[in-house]
Amino acid sequence: MITELLKNEFIDIVGQENYEDSPASKLVYSFDATPNYQAMPDAILSPRDKKEVAEIVKLCNQHKIPIIPRGSGTNLSAGTTPLEGGIVLLFKHLDQILEIDEENLTITVQPGVNTLEMIQTVEEIGLFYPPDPSSMKISQIGGNISENSGGLRGLKYGVTRDYVLGLEIVLPNGEIIRTGGKLAKDVAGYDLTRLFVGSEGTLGIVTEAILKLIPKPETKKTMLALYDSMEAAAQTVSTIIANRVIPATLEFLDQPTLKVVEEFSKIGLPTDVEAVLLIEQDGPIQSVQTDMDKIATICVQSGALKVDVAKSEFEAEQLSTARRSALSALARLKPTTILEDATVPRSEIANMVRAINEIASKYQVEICTFGHAGDGNLHPTCMTDARNKEEMHRVEQALEEIFKKAVSLGGTITGEHGVGAMKAPYLHLKLGEEGIAAMQALKQAFDPNNIMNPSKIFAKSSRKRIVVSQS
Ligand SMILES: Cc1cc2nc3c(=O)[nH]c(=O)nc-3n(C[C@H](O)[C@H](O)[C@H](O)COP(=O)(O)OP(=O)(O)OC[C@H]3O[C@@H](n4cnc5c(N)ncnc54)[C@H](O)[C@@H]3O)c2cc1C
């Protein structure tokens with residue numbers, strides 16, 4: 001609850017134009033990209049610099065007002081839904097690339113920088129920032145860091161965590177700290193940088209980041225391998241890696257997803273096959289050619305019906321854009337689209353996809369599957385209608401069973417979308433009660449008043465708990 005007095009104090013910090021509490025703006029920030037979660041904030045603040053961020057945090061800490069840091073709101077785990085009210089913090093004024101250091105190969109950015117714009121800026125000078133979430137046209141670097149986002153290039157290049165060298169953080173008590181730096185080596189105490197990456201806005205606010213860059217690969221080639229058996233496609237993934245070839249991208253789309261993506265993108269994707277693998281390799285021209293030849297041979301030996309190599313950069317771009325549009329394409333089918341990201345060791349992909357299909361038919365729900373096959377990170381996507389309570393109940397049962405299956409195969413409940421509020425009731429499946437207690441101790445140490453993004457990551461004890469056996 002924000003009193004008139006407190007409202008005036010916030011306005012003194014950010015200025016009238018950066019304080020919003022009209023019903024319309026509260027409604028806009030009451031939800032994010034996650035279906036079925038909505039809660040009103042009390043106000044929306046847009047600080048102009050880190051000093052203002054720190055002053056806001058101090059005031060919120062004093063009055064125990066929840067703070068929900070928000071990038072572009074594209075997260076899929078209800079990570080920015082203001083479930084306990086409070087203030088939503090926007091970074092529209094902290095949107096600058098502060099420095100590109102070509103000697104140390106780093107870029108220093110504010111959290112509100114758009115991911116794709118940053119990637120394009122460094123590519124213009126022959127450098128490369130690999131983490132490429134499919135939402136990169138819209139997402140912000142602060143959101144990527146706080147979710148530890150992955151992308152299509154994760155198999156070869158890793159995820160956001162692997163590129164964060166240092167952070168500036170406003171702690172829940174309003175103090176500002178810096179972690180890491182432009183350093184390849186740094187073992188001065190606990191690795192706070194890694195702790196904050198993926199902490200989903202629950203431990204502090206990122207106000208600056210130093211990110212690692214690498215030289216831009218000389219060239220890239222793209223191919224599509226078509227299969228009439230999902231098992232053969234999944235087996236190909238393991239065989240490629242076992243043959244010591246690490247493609248830049250190794251994506252999987254099942255037939256229902258293919259059909260919808262083709263209807264959406266109209267680029268001539270095959271819709272009569274069971275599954276496709278979208279494979280990219282980048283690097284020096286000679287080694288890319290060698291790898292692609294090797295990969296094509298493995299695909300055919302593993303049962304691919306056909307292997308098509310993109311003939312031009314335009315065709316290659318069309319294929320990866322089509323893959324990136326999978327969620328948007330599926331979202332056209334029904335009013336509610338629930339995208340999950342159960343992840344398993346890549347050797348278990350075939351088992352996991354088979355289990356997803358069995359679970360979908362057991363509960364009579366519509367699930368399409370695509371994802372980052374090379375990382376074992378699958379996106380079973382359920383098309384449903386939140387207004388149909390009976391169907392939603394079956395959807396929840398199906399998703400629960402998918403999480404249990406992933407964990408029983410040695411996997412996890414989320415590979416890249418984070419826990420947020422949505423997966424909090426399932427976290428114990430992965431961590432056990434002791435693991436959750438260890439994380440809660442950290443949260444308590446940093447944020448004793450629980451003002452930073454409350455109700456995220458940790459489920460309320462009254463919530464349903466599910467038990468799964470590990471195998
Ligand atoms: C179509 C679509 C495709 C997607 N594809 C991918 C994908 O390929 N890979 C992937 O990993 N994810 C993907 N996502 C999920 C989402 O885009 C990512 O999680 C992304 O990183 C979120 O960025 P954002 O700027 O929208 O952050 P938000 O959704 O606004 O916030 C995400 C989290 O970060 C916190 N946060 C934001 N800024 C700060 C800050 N400055 N300091 C502290 N905490 C902060 C928030 O509190 C929240 O917990 C996709 C989503 C959609 C809708």
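Rules used throughout
Residues numbered from 1 in each chain as written. Predicted model: local features only at pLDDT ≥ 70, side-chain atom pairs only at ≥ 80, totals over all residues. Heavy atoms only, no water. 1 Å grid on protein atoms, 1.4 Å probe; cavity = no way out; pocket = protein on both sides within 12 Å on 5 of 7 lines; lining within 4 Å. Points joined across faces, edges and corners; volume = space filled by probe spheres on them. Helix = DSSP H or I, 4+ residues; strand = E, 2+ residues; numbered from the N terminus. Nonpolar A, V, L, I, M, F, W, Y, C, P; charged D, E, K, R; others polar. Contact = heavy atoms within 4.5 Å. Polar contact = N/O pair within 3.5 Å; in protein donor to acceptor, adjacent residues only side chain to side chain. pLDDT = per-residue confidence, 0-100. Expected span 1.5 Å × (residues − 1). Salt bridge = Lys/Arg side-chain N within 4 Å of Asp/Glu carboxyl O. Buried < 20%, exposed > 50% of the residue type's maximum accessible area, 1.4 Å probe, protein only. Pairing = 2+ DSSP bridges. Axes fitted to C-alpha atoms, helices over the stretch in contact; angles between N-to-C directions. Phe/Tyr/Trp six-rings, centres within 6.5 Å; stacked < 30°, edge-to-face > 60°. Lys NZ or Arg CZ within 6 Å of the ring centre and 35° of its normal.

1. Observations concerning empty space enclosed by the protein
Then, in step 1: This structure, assessed with the given rule, holds 2 cavities of 30 Å³ or more.
Then, in step 2: The computed volume of the largest cavity comes to approximately 50 Å³.
Then, in step 3: Secondary-structure elements contributing two or more residues to the lining of the largest cavity are α9 (255-265), β14 (275-283) and α11 (313-324).
Then, in step 4: Residue classes in the lining of the largest cavity are distributed as 9 nonpolar, no polar and 1 charged.
Then, in step 5: By volume, the second largest cavity amounts to about 40 Å³.
Then, in step 6: Taken together, Ser146, Ile169, Phe196, Ser199, Gly201, Gly204 and Val206 form the lining of the second largest cavity.

2. Quick notes on the environment of Asp21
Then, in step 1: Tracing the chain through its elements places Asp21 in the loop between β1 (19-20) and α2 (23-28).
Then, in step 2: Sequence-wise, Asp21 and Pro247 are 226 residues apart; in three dimensions their C-alpha atoms are separated by 48 Å.
Then, in step 3: Leaving out residues up to four positions away in the same chain, Asp21 has contacts with Lys7, Lys26, Asp42 and Ala43.
Then, in step 4: A distance of 3.0 Å separates polar atoms of two side chains, one belonging to Asp21 and the other to Lys7.

3. Some remarks on the confidence of the model for the protein
Then, in step 1: Of the residues in the protein, 98% reach a pLDDT of 70 or more, and the chain-wide mean stands at 93.
Then, in step 2: In this model residues 462-471 is a low-confidence stretch, pLDDT under 50, and it forms 24 contacts with partners more than four residues away in sequence or in other chains.

4. Considering the layout of surface pockets
Then, in step 1: Taken as a whole, the second largest pocket holds about 930 Å³ of empty space.
Then, in step 2: Together, 36 residues line the second largest pocket, and Asn148, Arg161, Val197, Gly198 and Thr414 are the ones closest to its centre.
Then, in step 3: Those elements that provide at least two residues to the lining of the second largest pocket are α5 (141-147), α7 (192-196) and α15 (427-446).
Then, in step 4: The greatest single-element share of the lining of the second largest pocket, amounting to 6 residues, is contributed by α15.
Then, in step 5: Considering only residue class, the lining of the second largest pocket consists of 12 nonpolar, 16 polar and 8 charged.

5. Observations regarding helix α8 (residues 230-242)
Then, in step 1: With 13 residues, α8 should cover 18 Å at 1.5 Å per step; its first-to-last C-alpha distance of 19 Å lies within 8% of that length.
Then, in step 2: The opening residue of α8, the one whose side-chain oxygen lies 3.3 Å from the backbone nitrogen of Glu231, is Ser229.
Then, in step 3: Looking one or two residues beyond α8, the residue adopting positive phi is Arg244, at roughly 65°.

6. Describing the pattern of salt bridges
Then, in step 1: Under the definition given, this model contains 23 salt bridges.
Then, in step 2: Between Glu17 and Arg48 there is a salt bridge; the shortest N-O distance is 3.7 Å. Of the two residues, Glu17 sits in the loop between α1 (4-14) and β1 while Arg48 sits in the loop between β2 (43-45) and α3 (50-63), which places them 31 residues apart along the sequence.
Then, in step 3: A residue is classified by how much of its surface remains accessible, and Arg48, at 37% relative accessible area, is partly exposed.
Then, in step 4: Through salt bridges that share partners, Lys50, Glu168, Arg178 and Glu208 make up one connected network.

7. With respect to the pairing of strand β8 (residues 164-170)
Then, in step 1: Counting buried residues along β8, 6 of its 7 residues qualify, which places the element largely inside the surrounding structure.
Then, in step 2: Two elements, β8 and strand β9 (residues 176-180), share 5 bridges in a ladder whose sense is antiparallel. Its bridge partner being in β9, Glu168 is matched across the sheet by Arg178.
Then, in step 3: Between β8 and β9, which pair antiparallel and follow one another directly, the connecting turn spans 5 residues, one of which, Gly174, has a positive phi of 90°.

8. Some thoughts on the sheet that holds strand β6 (residues 106-109)
Then, in step 1: Taken in spatial order, the 5 strands line up as β5-β6-β10-β8-β9 in an open sheet, and their pairing is antiparallel. One side of each edge strand has no neighbouring strand; the edge strands of this open sheet are β5 (97-101) and β9. Mean inter-strand twist for the sheet, computed between neighbouring axes without regard to direction, equals 10°.
Then, in step 2: In this structure, β8 lies alongside strand β10 (residues 205-212), joined through 6 bridges in antiparallel fashion. From the neighbouring strand, Val164 faces β10, where its bridge partner is Leu211.

9. Points about the packing of aromatic side chains
Centre distance and the angle of the planes are the two values used to describe a pair of aromatic rings.
Then, in step 1: In this structure the tally under the stated criterion is 5 aromatic pairs.
Then, in step 2: Ring geometry for Phe196 and Phe446: centres 5.5 Å apart, planes at 80°, overall edge-to-face. Placement of Phe196 in helix α7 and of Phe446 in helix α15 is noted, with a sequence separation of 250 residues between them.
Then, in step 3: Given the relative accessible area of 2%, Phe196 is considered buried.
Then, in step 4: When the ring centre of Tyr163 is taken as origin, the NZ or CZ atom of Lys212, which lies over that ring, is 5.4 Å away.

10. Some points on the sheet that holds strand β13 (residues 249-254)
Strands belonging to one sheet form pairs held by backbone hydrogen bonds; the direction of such a pair is parallel or antiparallel.
Then, in step 1: Strand order across the open sheet formed by 7 strands is β15-β12-β14-β13-β17-β18-β16, with antiparallel pairing between neighbours. On the outer flanks of this sheet lie β15 (306-309) and β16 (336-339), each paired with one strand and no other. The average angle at which neighbouring strand axes cross in this sheet is 20°, direction not considered.
Then, in step 2: Sheet topology places β13 next to strand β17 (residues 366-372); 2 bridges connect them, and they run antiparallel. If you follow Leu253 over to β17, its bridge partner there is Phe370.
Then, in step 3: Sitting on the sheet, α8 is in contact with β12 (219-227), β13 and β14, with an inclination near 20° to β14.
Then, in step 4: Packed onto the sheet, α9 meets β13, β14 and β17 and runs at close to 95° relative to β13.

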